[in-house]
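Read off the chains here:
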Amino acid sequence: MLRARLFRRYLFSHLLYSGLTVAVGVLGITLGGYAIAGLASGMAASTGALLVSTADVPSPRGDKFRSMFANWLLAMPVVFVIGYLRHSPAALAVAILIMSFIGGMLTAWGRRAIPHSVAVFIGMAFALATPAGDFNELLHHTRFMLIGGIIYVVYATAMNWALARRTKQQVFADCLHEFAVYLRRKSRFFEPSTPLPKVEMVLLQQQAILAEKLQSVRDFIFRRLDDDDGWALAAGMLALLDAYEQVLASQTDYETIRRNFADEPIMALMREWTESGAEQLLRLSRERMVGIPPGPPFDLSREERAVVVELEAMSHRLEGPRAAAFGLLDGLVRKMQAATASLARLDGTYRHKVDRSTMPSERELQLFATRPHYSLRPLLRELNRGSPVFRYSVRVALAMVSGFLMAYALPYASHGYWIVLTIAVTMRGSFSQTKQRRADRMMGTLIGCVLAAIVIRFLTEPAALIGIVFLCLAISHAFAGVRYRYTATAACITALLQLHLLAPGTPFVISERLADTAIGATLAYVFSFVMPNWEARAIPGLVDGLRDALRAYIGQALSWQPRDFTYRIARRRLHDALAALSQAGVRMRDEPDEQHVSSSTLNTVTTTSHLLYAHLAAVRILLVTRTAEFDRARAEELLRQGRETLLLRLDNHIVPSPLVPAASADAQRGDSAERALERRIEQALHDAAPLTGALDDLIMQARKINEDMGLISRRVVNHKPR
């Protein structure tokens with residue numbers, strides 16, 4: 001069932017669309033080159049197209065041309081130089097060392113530059129795979145490679161423009177899917193039999209995934225709002241962000257609610273409400289992913305009504321402590337109602353024309369998106385021994401040249417380039433990613449070899465084999481960033497079938513592939529311990545980023561009427577900071593035990609930060625939904641004192657007594673808006689108390705690990721807890 005859903009999800013996704021367009025372009029250029037100038041020229045043009053295509057990933061309109069053209073400029077000289085030096089192994093080894101280091105340093109520009117780095121590495125591997133010839137043959141090969149590459153740039157740019165609207169819809173649908181998964185996992189809070197820490201841990205991991213998806217959608221949707229469809233997607237995205245905040249705000253009181261109401265029917269009703277919302281969101285996601293007309297409107301009125309009726313019945317029969325906790329339960333239901341309304345608003349953007357006057361301006365929305373920016377400053381900043389980028393570049397350069405020398409010494413050296421290619425696609429900046437890719441590459445190659453052997457055994461028609469190559473090209477590109485094992489399997493099949501088509505009956509190819517993969521994956525893993533970049537090195541910077549993001553969000557959330565735009569910017573910044581720290585914690589689990597900070601301290605930081613965020617989000621929702629019930633002067637005073645107290649505690653200052661005074665006599669009712677605001681601020685202050693100590697403790701642990709390893713940068717050495 002899960003695999004069937006996964007298949008349906010990817011079948012119409014932007015990832016598969018991208019893979020298919022890449023396969024059509026590469027295969028079309030190959031066949032065109034073959035028809036015009038022969039097989040060798042066609043394969044050279046194919047190489048140029050493949051190298052450029054590493055940057056052909058779903059991206060906002062306008063970005064793709066720059067990215068692919070950069071690949072074209074980088075990869076072509078690499079292939080020419082490697083080809084020119086093929087007759088001098090010593091010079092070739094030096095060139096591989098230098099070019100690998102440069103390829104690693106390109107990642108100084110961030111994730112967007114990874115395709116450029118990959119193009120350099122794969123360009124070297126492809127050049128080593130090309131039979132050595134004289135200088136004229138090299139010029140001929142390079143000329144057709146340049147032509148194939150530039151044709152592909154033009155083709156892919158045109159496809160990017162043609163599919164821009166569809167890609168936006170698919171990216172948004174993919175994000176809706178992850179939010180539905182988040183809701184489904186959140187529904188476990190209403191199952192008292194499931195331990196609360198287990199639910200929280202699973203939810204934190206999903207929140208990190210969701211944060212990445214949300215930023216991807218911002219980049220696609222907010223960068224350019226061309227027409228009504230663009231504005232409708234932007235309005236839907238804003239509604240989704242509001243729903244996410246409202247759902248997150250409901251996370252503050254689960255422990256108390258479980259303790260007091262675990263045996264009440266309302267728990268099962270709220271679980272059904274949440275699960276029904278998740279199921280309807282999955283339906284909306286599929287409709288947008290496939291591009292079909294919308295089905296029934298998003299409607300949770302039946303589930304919501306059942307909860308409200310049961311809540312009303314409970315209000316008359318509860319006594320003692322449970323009656324005192326009823327206000328928290330009532331607040332939780334209000335937040336779930338607000339989230340339901342936001343999701344209904346999201347659905348409405350797909351059915352009705354959006355009123356642009358109620359939204360931020362296009363210029364303001366564009367500030368939520370990230371833009372690629374290239375200058376020498378990031379590269380120069382990373383040229384030091386403490387830089388993670390520099391250390392990765394050294395590791396990958398040493399691994400690549402070692403792989404080349406080992407391949408050169410093998411008895412089947414003509415195919416030894418597979419070792420270099422395996423190192424290039426396996427080795428990543430973090431130990432965790434390298435370890436995972438090593439396993440995926442080994443398993444994918446094994447499966448690919450078996451499947452290729454079966455295909456070669458039972459299929460002899462070239463047309464059928466070319467069809468399979470086309471399909472595998474699409475799969476290998478589509479899943480490169482999400483399920484690398486699929487990519488490794490498909491790429492192995494592609495390589496073996498291409499070799500079979502060019503040289504039928506080549507002996508021992510499969511056994512060589514398996515041996516080369518094992519050697520390359522082992523070298524990538526071994527060299528991960530050379531100048532390693534353990535996650536502990538990044539912890540101080542991530543903690544600083546989280547602390548600054550919390551300060552900014554506290555300043556906005558605990559204000560009477562902050563500007564919507566600045567509030568959203570602060571919220572996004574906090575999302576990113578929390579996701580970065582959570583992802584570092586996940587990656588750290590794959591590292592050696594002696595490189596781990598305390599998991600309990602890290603969990604305290606992440607869970608407490610999320611809890612504080614939830615309290616602050618709950619304050620915003622309270623202020624928005626019950627504005628008319630407040631005495632403004634009184635509410636502003638409560639917010640000011642709560643804001644100042646939280647900021648003092650976050651900076652590790654001792655606060656002798658709570659700065660929030662008791663509520664006024666007119667607001668002593670437990671259900672009054674003012675009392676609810678005071679209680680929420682008090683809970684935020686109480687639950688945030690362990691945070692500062694945990695943040696400083698985390699920094700000290702990271703410093704200790706780095707000092708013990710003798711691998712500490714000046715920034716970490718000089719870092720002092722606040």
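Residues numbered from 1 in each chain as written. Predicted model: local features only at pLDDT ≥ 70, side-chain atom pairs only at ≥ 80, totals over all residues. Heavy atoms only, no water.

Trainee: Sorry if this is basic, but what is going on with the packing of helix α3 (residues 39–53) against helix α6 (residues 114–129) here?
Mentor: Contact geometry for α3 and α6: axes closest at 9 Å, N-to-C directions at 155°. With respect to α6, the axis of α3 lies roughly antiparallel. For α3 against α6, the interelement crossing comes out right-handed. Along its contact with α3, which presents T47, L50 and L51, the element α6 presents A119, I122, G123 and F126. Here the residues of the contact of α3 with α6 are counted per class, giving 5 nonpolar, 2 polar and no charged. (Axes fitted to C-alpha atoms, helices over the stretch in contact; angles between N-to-C directions. Helix = DSSP H or I, 4+ residues; strand = E, 2+ residues; numbered from the N terminus. Parallel < 35°, antiparallel > 145°, perpendicular 65-115°, else oblique. Left-handed = near helix turned anticlockwise from the far one by under 90°. Contact = heavy atoms within 4.5 Å. Nonpolar A, V, L, I, M, F, W, Y, C, P; charged D, E, K, R; others polar.)

Trainee: I'm lost on the environment of L300 in this one. Help?
Mentor: Tracing the backbone shows L300 in the loop between α12 (265–290) and α13 (301–317). Spatially, the C-alpha atom of L300 lies 9.2 Å from that of T274, the residues being 26 residues apart in sequence. The residues contacting L300, other than those within four sequence positions of it, are W273, S276, G277, Q280 and T340.

Trainee: Teacher, can you tell me more about the confidence of the model for the protein chain here?
Mentor: Close reading of the predicted structure is inappropriate where its pLDDT is low. In this model, the protein chain carries an average pLDDT of 84, and 92% of its residues clear a pLDDT of 70 or more. Contacts from residues 659–669, a stretch scored under 50 in pLDDT, to residues over four places away or in other chains number 24 contacts. In this model, residues 711–722 is a region of pLDDT below 50 whose contacts with residues beyond four sequence positions or in other chains number 31 contacts. (pLDDT = per-residue confidence, 0-100.)

Trainee: Help me understand the packing of aromatic side chains in this model?
Mentor: Between two aromatic rings, the relevant description is the distance of the centres plus the angle of the planes. Enumeration according to the criterion identifies 23 aromatic pairs in this entry. A ring pair is formed by Y182 and Y244, whose centres lie 5.5 Å apart and whose planes are at 80°; its orientation type is edge-to-face. You can see Y182 sitting in helix α8 (residues 164–186) and its partner Y244 sitting in helix α10 (residues 228–249), a full 62 residues away along the chain. Across the pair, exposure class does not vary: Y182 and Y244 are buried alike. A ring pair is formed by Y553 and Y613, whose centres lie 5.1 Å apart and whose planes are at 85°; its orientation type is edge-to-face. Highlighted residues: Y553 in helix α23 (residues 539–557) and Y613 in helix α25 (residues 599–625), separated in sequence by 60 residues. Taking the relative accessible area as the measure of exposure, Y553 reaches 0% and is therefore buried. On the basis of relative accessible area, Y613 is assigned to the buried category, the value being 1%. Site record: aromatic cluster; members linked through ring pairs are F431, Y525, F529 and W534. (Phe/Tyr/Trp six-rings, centres within 6.5 Å; stacked < 30°, edge-to-face > 60°. Buried < 20%, exposed > 50% of the residue type's maximum accessible area, 1.4 Å probe, protein only.)

Trainee: Is there a simple way to explain the environment of R185 in this structure?
Mentor: Assignment of secondary structure puts R185 in helix α8. Using a relative accessible area of 36% as the deciding quantity, one classes R185 as partly exposed. For R185 and S276, which are 91 residues apart along the polypeptide, the C-alpha to C-alpha distance reads 12 Å. Each residue touching R185, except ones within four places of it in the same chain, is listed here: V199, V202, L203 and Q206.

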